[in-house]
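# Summary of structural features
Here are the chains, one letter per residue:
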Amino acid sequence: MRIARFSIDGNVAFGAVEDTPQGLVLDIIKGIPYADFELSGTKVPLSKVRLLPPVLPNKVVAIGRNYAEHAKELGNAIFDDQGRPEAPVAFFKPTTSVIGSGDAIEYPSFSEELHHEAELAVVIGRMCREVPRERVKDVIFGYTCANDITARDVQQREKQWARAKGFDTSCPLGPWVETDLDPTDLTIQATVNGEQRQLGRTSDMIRSIEDLVVHITEAMTLLPGDVILTGTPAGVGPLNPGDEVAVTIEGIGTLTNKVIKRG
């Protein structure tokens, strides 16, 4: 099931996305999607609503250097001297960085090199801590598209990535959450102004989704609606004001945002 969060006539709601001969419609959900819910039967055309970020996470936990070719293109080592993968690089993106499909990415004034990073995002469905590998699927609500927008020049000159990856509008998510999906081998790609920049498969991840959930929940509690960004394949590159960047993941859909100059 595809579940979207949207606004219409000043009201915010969740709805199940359905294909009809007339186009996509939203069947409004009674309650919240993380618990048992019912479909109301009240349907609105997708074209009549504004899509919002599909979730409002308490936190976004992002993983860096989880695709070998991407790490290589930036000159980062991901294996130790014995060929074993290094521990995942984890960082946070604040809730104020989250925007939805169709929202604008604001080019920050403190950067001169903004990059796109197409990623599969994992949405958590229940409060969890110290999750054993065999229970990981039980705590996942679904999956969505993400773009880990990065001020690359700032990332390279500052020891912490908080400003480089946590500025306002740096975490587009959407267009909706797909709850029925096998994420192990999906095509993931990014285009800028219709030109393909990134193309990879989730099967190329160094650390699996199970690995990442186990690793993260060893340290912290995840709450319903929290998001894990699972890393980006090779091909990251620059964005400029006026560009339209789209992230497409097989089985989910396309997340599209335009870049504008802040202010």
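Scroll up to find the structure.
The structure reproduced in this document is the subject of the present report. (Residues numbered from 1 in each chain as written. Predicted model: local features only at pLDDT ≥ 70, side-chain atom pairs only at ≥ 80, totals over all residues. Heavy atoms only, no water.)

## Re the layout of surface pockets
If you add up the space inside the largest pocket, you get close to 310 Å³. For the lining of the largest pocket, the secondary-structure elements that each account for two or more residues are β12 (140-147) and α5 (209-217). For the lining of the largest pocket, the element with the highest residue contribution is β12, accounting for three residues. Looking at the lining of the largest pocket, its residues break down into seven nonpolar, five polar and four charged. (1 Å grid on protein atoms, 1.4 Å probe; cavity = no way out; pocket = protein on both sides within 12 Å on 5 of 7 lines; lining within 4 Å. Points joined across faces, edges and corners; volume = space filled by probe spheres on them. Helix = DSSP H or I, 4+ residues; strand = E, 2+ residues; numbered from the N terminus. Nonpolar A, V, L, I, M, F, W, Y, C, P; charged D, E, K, R; others polar.)

## As for the pattern of salt bridges
Per the counting criterion, the structure on display carries 15 salt bridges. Among the ionic pairs, aspartate 153 bridges to arginine 157, the shortest N-O distance being 3.9 Å. Pair noted here: aspartate 153 and arginine 157 are both in helix α3 (residues 152-157), with a separation of four residues, about one helical turn. The class of aspartate 153 is buried, set by a relative accessible area of 15%. Classification of arginine 157 as exposed rests on a relative accessible area of 52%. Aspartate 185 is the partner of arginine 201 in a salt bridge, and the nearest nitrogen-oxygen pair spans 2.7 Å. Remark: aspartate 185 occurs in the loop between β14 (171-178) and β15 (187-192) and arginine 201 occurs in strand β16 (residues 195-201); sequence separation between them is 16 residues. Note on arginine 201: relative accessible area 30%, which makes it partly exposed. We classify aspartate 185 as partly exposed; its relative accessible area is 39%. Here the salt bridges do not stand alone but share partners, grouping Lys93, Glu117, Asp148, Arg152 and Lys165 into one network. (Salt bridge = Lys/Arg side-chain N within 4 Å of Asp/Glu carboxyl O. Buried < 20%, exposed > 50% of the residue type's maximum accessible area, 1.4 Å probe, protein only.)

## Let's talk about the nonpolar core
One recurring pattern in soluble globular proteins is that nonpolar side chains are buried together. Formed by 39 residues in total, the largest nonpolar core has its most connected members in Leu26 and Ile249. No other element matches α5, which puts five residues into this core. When neighbours within four sequence positions are excluded, isoleucine 249 is seen to be in contact with Glu119, Leu120, Thr144, Cys145, Leu186, Thr187 and Ile188. Counting residues in hydrophobic clusters, the runner-up holds 18 residues, among them Phe14, Ile29, Phe91 and Val177. (Core = buried A, V, L, I, M, F, W, Y, C linked by side-chain atoms within 4.5 Å. Contact = heavy atoms within 4.5 Å.)

## Structural notes on the sheet that holds β15
With respect to topology, five strands assemble into an open sheet ordered β9-β20-β19-β15-β16, the strand pairing being mixed. Each edge of the open sheet carries a strand with a single partner, namely β9 (104-107) and β16. Mean inter-strand twist for the sheet, computed between neighbouring axes without regard to direction, equals 20°. Where β9 lies against strand β20 (residues 253-261), four bridges are found, and the strand directions are parallel. (Pairing = 2+ DSSP bridges. Axes fitted to C-alpha atoms, helices over the stretch in contact; angles between N-to-C directions.)

## Remarks on the packing of aromatic side chains
Across all of its chains, the model carries three aromatic pairs by this definition. Centroid distance phenylalanine 91 to tryptophan 161: 5.2 Å. Interplanar angle 65°. Geometry classified as edge-to-face. With phenylalanine 91 in strand β7 (residues 89-93) and tryptophan 161 in the loop between α3 and α4 (162-166), this pair connects stretches of sequence that are 70 residues apart. Residues phenylalanine 91 and tryptophan 161 agree in their burial class; the two are buried. (Phe/Tyr/Trp six-rings, centres within 6.5 Å; stacked < 30°, edge-to-face > 60°.)

## Structural notes on the pairing of β15
For a regular strand, side chains alternate in direction, first toward one face of the sheet and then toward the other. Two strands pair when backbone bridges link them, and β15 and β16 are joined in this way by six bridges, in the antiparallel orientation. By the bridge assignment for β16, valine 192 is matched with glutamate 195. Counted between consecutive antiparallel strands, the loop separating β15 from β16 contains two residues, among which asparagine 193 sits at a positive phi close to 55°. Alignment of β15 against strand β19 (residues 244-249), held across five bridges, turns out to be antiparallel. Across the sheet, residue threonine 191 finds its bridge partner in β19, namely alanine 246.

## Some words on α5
Those residues of α5 that fall on the buried side of the exposure criterion are Ile209, Leu212, Val213, Val214, Ile216 and Thr217. Taken together, the buried residues of α5 touch β6 (60-64), β11 (118-124), α2 (136-139), β12 and β17 (227-229).

## Things to note about the sheet that holds strand β18 (residues 237-239)
An order of β13-β10-β18 is seen for the three strands of this open sheet, with the pairing classed as antiparallel. Strand pairing shows two members of the sheet lacking a second neighbour, β13 (150-151) and β18, which therefore form its edges. With two bridges joining them, strand β10 (residues 114-116) and β13 adopt antiparallel strand pairing. Of the residues in β13, the one forming a bridge with leucine 114 is alanine 151.

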